[in-house]
Amino acid sequence: MDQAPLAAAQAFHPPGAVLKVSPLGSGNVNDTFLVQTSRGAFVLQRLNTAVFPAPEQVMRNLQTLEAHIERKGRPLGGSRWEHPRLLAPATGGNDLWHRCPEGEIWRCMSFIGNARSVDRIEDENQAYQLGLGLGRFHQLIGDLPAEELHDTLEGFHITPRYLDQYRQALVRTRAESSDDTDYCIAFIREREEFCSVLEQAKARGELQERPIHGDPKINNVMLDNVSGEAIALIDLDTVKPGLVHYDIGDCLRSCCNPAGEETTDLRGVRFDLVLAEAILRGYLEAAGSLLTASDRRFIPESARLISFELGLRFFTDHLNGDRYFKVSQPGQNLRRARVQFALTQSIEEQWDALQALLLRLSTKSKAALDAA
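Q: For the sheet that holds strand 7 (residues 115-116), give the residues involved together with the corresponding values.
A: If you trace the three strands from one edge of the open sheet to the other, you get 7-9-10, paired in antiparallel fashion. Edge positions in the sheet fall to strand 7 and strand 10 (230-233), since each has one partner strand and no second. Bridge analysis of strand 9 (residues 221-224) against strand 10 gives three bridges, and the strand direction is antiparallel. If you follow valine 221 over to strand 10, its bridge partner there is leucine 233.

Written as structure tokens, this is what we have:
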């Protein structure tokens, strides 16, 4: 049994305080554990330095974010809002992380109790809360100067770079060819020009970089156990400068496919416009005042692009031998890619309806802001 989590947990607490350490969650990158102590429950994480090669910068971003949110307080309209607080190692010092003798970086933070996350959307009201939660988070960090944050994942969500990495992987892969791989290759080829849609808009000055979460998928939003309200965003390693569209698109991608990204039944994969409307209604209610007309115009593109981008990344990782995303069985990243590409196609098939939906919600949101 791996004793590293127990040893790391003990580094953050007084002698004898740690009672139990057990795995927590289903993240694809970091290893996460629930630490039960005589002082309460905490979350312990081992940072994946293969994904985050500068973990100290990740931690300094978290400190900057925590200090900013503490100054801001609770977001407008939030009856309950919590932010994970970093715990200093028991050994003291200025760093809010622990480096074990083997060189691994660990951190410990507050546990958000009486709340849960979900891997698959349950109903329309939950979708509204997920959008509201992301909007409240953006509201809190919208005035944090982006230059105060390190870019800990250079190129993250820059889809043209993922396309380049895919092309390199395709040349050197040792993965066996199959109907699924052939399908993915053809699907990508037909959409290569679309990969630059957001980056080109940014280059033209139509979209501006701001602080973003970077990975606001469905299970990174915590919901109150009783009220069902969104009360926190977690897994903040990817907080960095970027386009809010990366966040909005990822939220839509992960929430609007009722089948979930791990499904093996591609026939059940679809982009649910009812759920999308609920998410966007919640988001615009909380953060609509932050968005320009150009920001709103590119939201449909963000849903299509981020779905395609994740499929591209899953497929590239499959070609590279599953180095980035955790897998529990062979071919899992290939199946994940097929799911995301099916979702992308569903968005494309409902393109006019999605644009009309966004226009209708934006008009209502603007009217509400003008009346306020």
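Q: How would you summarise the nonpolar core if you had to cite specific residues and measurements?
A: As a rule of thumb, soluble globular proteins bury nonpolar side chains together. Core analysis: the largest hydrophobic core is formed by 96 residues, its most contacted members being Phe137, Leu252 and Phe271. Contact partners of phenylalanine 271, with chain neighbours within four places excluded, come to Leu252, Cys256, Ala276, Ala303, Leu343, Ser346, Ile347, Gln350 and Leu354. Ala8, Val18, Phe42 and Cys100 belong to the second largest nonpolar core, which has 13 residues in total.

Q: Can you break down the packing of helix 2 (residues 55-72) against helix 3 (residues 124-141) residue by residue, with the values?
A: At a closest axis distance of 9 Å, the pairing of helix 2 and helix 3 adopts a crossing angle of 95 degrees. Classified by the interaxial angle, the pair formed by helix 2 and helix 3 is roughly perpendicular. Only Phe137, Gln139, Leu140 and Ile141 of helix 3 make contact with helix 2, whose side of the interface consists of Leu65, His68, Ile69 and Lys72. Grouping the amino acids of the contact of helix 2 with helix 3 by side-chain chemistry returns five nonpolar, two polar and one charged.

Q: Would you mind going over the packing of helix 3 against helix 7 (residues 244-255) in detail, with residue names and values included?
A: Think of two packed helices as two axes; the pair is described by the angle between the axes and how far apart they sit. Running from N to C, helix 3 and helix 7 cross one another at 165 degrees; their axes reach a closest spacing of 11 Å. Taken together, the axes of helix 3 and helix 7 lie roughly antiparallel to each other. Crossing hand, helix 3 versus helix 7: right-handed. Touching Leu130, Leu134 and His138 of helix 3 are Val244, Asp247, Ile248, Cys251 and Cys255, all from helix 7. Its residues assigned to classes, the contact of helix 3 with helix 7 shows six nonpolar, one polar and one charged.

Q: I'd like a rundown of the pairing of strand 2 (residues 31-37), residues and numbers included.
A: Strand 2 sits mainly inside the fold: five of its seven residues count as buried. Where strand 1 (residues 18-23) and strand 2 come together, five bridges link them in antiparallel fashion. Its bridge partner being in strand 2, valine 18 is matched across the sheet by threonine 37. Bridge count between strand 2 and strand 3 (residues 40-46): seven bridges; the pairing is antiparallel. When the sheet's bridge partners are listed, phenylalanine 33 is paired in strand 3 with leucine 44. Where strand 2 hands over to strand 3, the hairpin turn is made up of two residues, counted between the paired strands.

Q: Could you give an account of the side chain of threonine 37, with specific residues and numbers?
A: Summarising the element assignment, threonine 37 is placed in strand 2. Of note is the side chain of threonine 37, whose polar atom sits 2.9 Å from the backbone nitrogen of arginine 39. A distance of 2.8 Å separates the side chain of threonine 37 from the backbone oxygen of glycine 40, its partner in a polar contact. Apart from the residues within four sequence positions on either side, threonine 37 is in contact with His13, Ala17, Val18, Leu19 and Phe42.

Q: Quick rundown of unusual backbone geometry? Include the residues and the values.
A: Phi angles above zero are rare outside glycine, and aspartate 235 is one such case at about 55 degrees. Tracing the chain through its elements places aspartate 235 in the loop between strand 10 and strand 11 (240-242). With a phi angle near 60 degrees, aspartate 322 is a residue other than glycine that sits in the positive phi range. Note that aspartate 322 resides in the loop between helix 10 (299-319) and helix 11 (332-349).

Q: Kindly report on the packing of aromatic side chains, identifying the contributing residues and their values.
A: For the structure on display, the rule yields eight aromatic pairs. Note on phenylalanine 187 and phenylalanine 341: the rings are 4.6 Å apart at their centroids and 25 degrees apart in plane angle, and the pair reads as stacked. On the criterion of sequence distance, the pair formed by phenylalanine 187 in helix 5 (residues 179-189) and phenylalanine 341 in helix 11 is long-range, its members being 154 residues apart. We note that phenylalanine 187, like phenylalanine 341, is buried.

Q: Got a sec to walk through the environment of glutamine 3? Specific residues and values, please.
A: Within the secondary structure layout, glutamine 3 lies in the segment before helix 1 (4-10). Linking glutamine 3 and valine 21, residues 18 residues apart in sequence, is a C-alpha distance of 9.8 Å.

Q: Help me get a handle on helix 10, residues and values and all.
A: Taking 1.5 Å per residue, 21 residues should reach 30 Å; helix 10 reaches 30 Å between its end C-alpha atoms and fits that length. Counted residue by residue, helix 10 has 21 buried out of 21 residues, so it is predominantly covered. Trailing helix 10 by a residue or two, glycine 321 shows a phi angle of about 90 degrees, which is positive.

What counts, and where the lines are drawn
- Residues numbered from 1 in each chain as written.
- Predicted model: local features only at pLDDT ≥ 70, side-chain atom pairs only at ≥ 80, totals over all residues.
- Heavy atoms only, no water.
- Pairing = 2+ DSSP bridges.
- Helix = DSSP H or I, 4+ residues; strand = E, 2+ residues; numbered from the N terminus.
- Core = buried A, V, L, I, M, F, W, Y, C linked by side-chain atoms within 4.5 Å.
- Buried < 20%, exposed > 50% of the residue type's maximum accessible area, 1.4 Å probe, protein only.
- Contact = heavy atoms within 4.5 Å.
- Axes fitted to C-alpha atoms, helices over the stretch in contact; angles between N-to-C directions.
- Parallel < 35°, antiparallel > 145°, perpendicular 65-115°, else oblique.
- Nonpolar A, V, L, I, M, F, W, Y, C, P; charged D, E, K, R; others polar.
- Left-handed = near helix turned anticlockwise from the far one by under 90°.
- Polar contact = N/O pair within 3.5 Å; in protein donor to acceptor, adjacent residues only side chain to side chain.
- Phe/Tyr/Trp six-rings, centres within 6.5 Å; stacked < 30°, edge-to-face > 60°.
- Expected span 1.5 Å × (residues − 1).

On their own, these measurements won't tell you what the molecule is for.
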